[in-house]
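# Report on the structure
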Amino acid sequence: MTNPATPFEIARDTLKQLAQRRIAPTPDNYLTLYHEIAGTKPASQDFPERHLRSLAAALPKGSPDQMRLARQLDDAVKNANWESYQKHLTTFVGSLAESQKLAWGELISDLLRQWEAKHQGLTAARKRESLEHVLGASASNPDNLFNRLQGLLRSWGQGREQEGNVAVNDVDTPKIDLATPSTASSDPELLAELRELFAFTLETAIATQLIESPQLSSDARQLAADIRQARKADEMQAFLTRLKRFAFKLELLAEDQGELRNSLLGLLRLLVENMTELVIDDRWLHGQIEVVREIIDKPLSQRAIDDAERRLKEVLFKQSQLKASLFETREAIKQMLTGFVDHLADFADATSDYHDKIESFADKISAADNISQLESVLGEVMRETRNIQINAQRSHDELRTTQQKVRESETRIRELELELEKTSVLVRHDQLTGVLNRHGLEDMFEKEISRAQRHDTVMCVALLDIDNFKKLNDSLGHDAGDQALIHLATVCRHTLRPQDTIARYGGEEFIILLPETNLKDAVLVLTRLQRELTKKFFLNDNDKVLITFSAGVTQMTEQDNQGSVIKRADEAMYEAKQTGKNRVVSR
Ligand SMILES: Nc1nc2c(ncn2[C@@H]2O[C@H](COP(=O)(O)OP(=O)(O)OP(=O)(O)O)[C@@H](O)[C@H]2O)c(=O)[nH]1
């Protein structure tokens, strides 16, 4: 029999074989036999080939690396090899992140080339305008500056370059064709401006970041001076060589710093995990340990560290006061006990004296010749005994008083210790819901306002107020009302981003700060929160209770302060209440 060649023949043969070999005609058996006859391998049922192919197809293929990745992913899909697919994808993404780290050298070379290149529809003035915009908006933040410059270059690169210019994507070989005088001199003013920008970036964005590596910092400044001087092509080429060497050193430094950071974090984690072993009583440190743990478990951010620092400082201050009181109370108990022990010693002396005297009285009695001698001895015995009785009574009273004082001090100590425990967690937080309280909000608000100003970003503020809360309290009880507040705060925390701030502003009113969010998005965020509340019911004794809120949202302007922006959000919230509740109104 000739081997079947077409799918039709293979299918026919498969059916024949199923019948001849008396194999049950199930889809699986059919498939196995089909592949046996065709000499092919069955595709794994679990391998989501179609999805992985479309994912690979959607990735950009503009650079040699991206093309290579596309080939690798294609091979992995063909071989139904999920591990290989995953490995190539993660390695590529990892290398992307690495290459972004300190690739200022390449970025600036690219900028120089693209500045000189002609792009359709992009005049030099337009380029200058967009560059100035990017510089103005991000000059104070090197990371932002880097990303925005990259984005800008990408957008220029997407405009088709005119013939005769350097390819935009050719970033691996940053050679500037300065040998062609026409390019360099086509707009000397612009070139000078770019040169200055380059030098400025080296001096400000790079050198200032290298305070702990003085040699590299001075290299950056030297390079800045060099680029200001370089005019000829060979000077430029020499400069590029030095720049590459510098970029390589920076990369090594970044690796070292990364390792150092990881080791420090590891050390801190170890310290936090073993805190209970290191301190005798860790209850007062509970909150602080949690704060530090929260920070090291999340990606490090300046915002989280600042917030934690403020919380810790406040708690430490309060605790230092409480600890002083605790110390004083303990000292007072010590002094009382010392006084009492001294007194007991006196009493013991007095009683041993008494015993001696009794002995001498006994001698006197046995030696007495007449009743009058006996009488005077007995008189002495009575006096001494009364003295001892008075002494004993006094000691007894003092013991009582001391006991009472010690008890009072112990109660005070317990109260102080309890307060210490509480302050550890609740200094700036609302005791019921655990979100920031008004005091905590004020600080955070201030911080967010100055952050928004520094980074030139927008921020929105929302004020939300639970609908018909009085009715809920009246019908289900105050405790259920409390639980409803906790529920709302929890849903907020789970729904909003970590960088958003939630604070309890009053009874059933909450304020939310949404940094880097415009008004349109802020309204969407609040609407999403409303939707979440309809999905995540509040359960009161297993009964589902729907909580809704009305919210006012507004965007901060340059003229705003905390008071004015909250007032506007409050007015918008009021409008939401007036126009039917369970609504979000923006202003
Ligand atoms: N359970 C509980 N209730 C609180 C708390 N703080 C304030 N409240 C109650 O919240 C209720 C607010 O009532 P109102 O201001 O009339 O508002 P409302 O009933 O929600 O009506 P609208 O805002 O118009 O929807 C009052 O009954 C307060 O006693 C709290 O911490 N716990």
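Structure: above.
Computed from a predicted structure; not experimentally measured.

Before going further, it helps to spend a moment on the packing of helix 18 (residues 469-476) against helix 19 (residues 478-495). Between helix 18 and helix 19, the least distance of the axes is 6 Å, while the angle of their chain directions is 135°. Between helix 18 and helix 19, the angle falls in the class oblique. Between helix 18 and helix 19, the contacting residues are Phe 469, Leu 472, Asn 473 and Leu 476 on the first element and His 478, Ala 480, Gly 481, Ala 484 and Leu 485 on the second. For the contact of helix 18 with helix 19, the per-class residue count stands at six nonpolar, three polar and no charged.

With that out of the way, let us pick up the pattern of salt bridges. Two side chains with opposite charge may pair up if their charged atoms get near one another. All told, the structure shown has 18 salt bridges when counted by the stated rule. For the salt bridge of Asp 474 with Lys 470, the shortest nitrogen-to-oxygen distance reads 3.1 Å. Of the two residues, Asp 474 and Lys 470 are both situated in helix 18; the distance of four residues between them amounts to about one turn of the helix. Its relative accessible area of 55% is what places Asp 474 among the exposed residues.

Here we come to the site of the ligand. Within the structure, the ligand sits among 16 residues, and Asn 468, Phe 469, Asn 473, Asp 482 and Arg 504 are positioned closest to it. With respect to the ligand, the backbone of Asn 468 contributes an N or O atom lying 2.7 Å from an oxygen atom. Burial of the ligand by the protein amounts to 65% of the accessible area it has alone, namely 670 Å². Among the elements of the structure, strand 1 (459-466), helix 18 and helix 19 are those that each provide at least two residues to the shell around the ligand. The element contributing the most residues to the shell around the ligand is helix 19, with four residues. Residue classes in the shell around the ligand are distributed as three nonpolar, five polar and eight charged.

With that settled, consider a nonpolar patch on the surface. Together, Phe 537, Leu 539 and Leu 546 line one region of the surface with nonpolar side chains, adding up to about 270 Å² of accessible area. With respect to the helices, strands and loops of the structure, Phe 537 is situated in the loop between helix 20 (519-535) and strand 4 (538-540).

It is at 11 Å that the axes of helix 17 (residues 438-455) and helix 21 (residues 562-578) come closest, and there the two elements cross at 100°. Here helix 21 runs roughly perpendicular to helix 17, going by the angle between their axes. Counted together, Glu 442, Phe 445, Glu 446 and Ile 449 of helix 17 and Gln 562, Val 565 and Ile 566 of helix 21 form the full contact between these two elements.

A word on the pairing of strand 6 (residues 549-555). On a regular strand, one side chain projects to one face of the sheet and the next to the other, so that they alternate. Counted residue by residue, strand 6 has six buried out of seven residues, so it is predominantly covered. Pairing geometry for strand 1 and strand 6, over seven bridges, is antiparallel. By the bridge assignment, Leu 463 is partnered in strand 6 with Gly 552. Of the pairings in the sheet, the one linking strand 6 to strand 7 (residues 584-586) comprises three bridges and is parallel in character. Paired with Val 553 across the bridge in strand 7 is Ser 586. In terms of handedness, the path from strand 6 via helix 21 over to strand 7 forms a crossover that is left-handed.

Each value, and the rule that gives it
- Residues numbered from 1 in each chain as written.
- Predicted model: local features only at pLDDT ≥ 70, side-chain atom pairs only at ≥ 80, totals over all residues.
- Heavy atoms only, no water.
- Axes fitted to C-alpha atoms, helices over the stretch in contact; angles between N-to-C directions.
- Helix = DSSP H or I, 4+ residues; strand = E, 2+ residues; numbered from the N terminus.
- Parallel < 35°, antiparallel > 145°, perpendicular 65-115°, else oblique.
- Contact = heavy atoms within 4.5 Å.
- Nonpolar A, V, L, I, M, F, W, Y, C, P; charged D, E, K, R; others polar.
- Salt bridge = Lys/Arg side-chain N within 4 Å of Asp/Glu carboxyl O.
- Buried < 20%, exposed > 50% of the residue type's maximum accessible area, 1.4 Å probe, protein only.
- Near = heavy atom within 4 Å.
- Polar contact = N/O pair within 3.5 Å; in protein donor to acceptor, adjacent residues only side chain to side chain.
- Areas by Shrake-Rupley, 256 points an atom, 1.4 Å probe, with all protein chains shown as cover.
- Patch = residues over 30% accessible without salt bridge, like charges linked within 9 Å, V, L, I, M, F, W, Y side chains within 5 Å.
- Pairing = 2+ DSSP bridges.
- Right-handed = clockwise from strand over helix to strand, strands pointing away.

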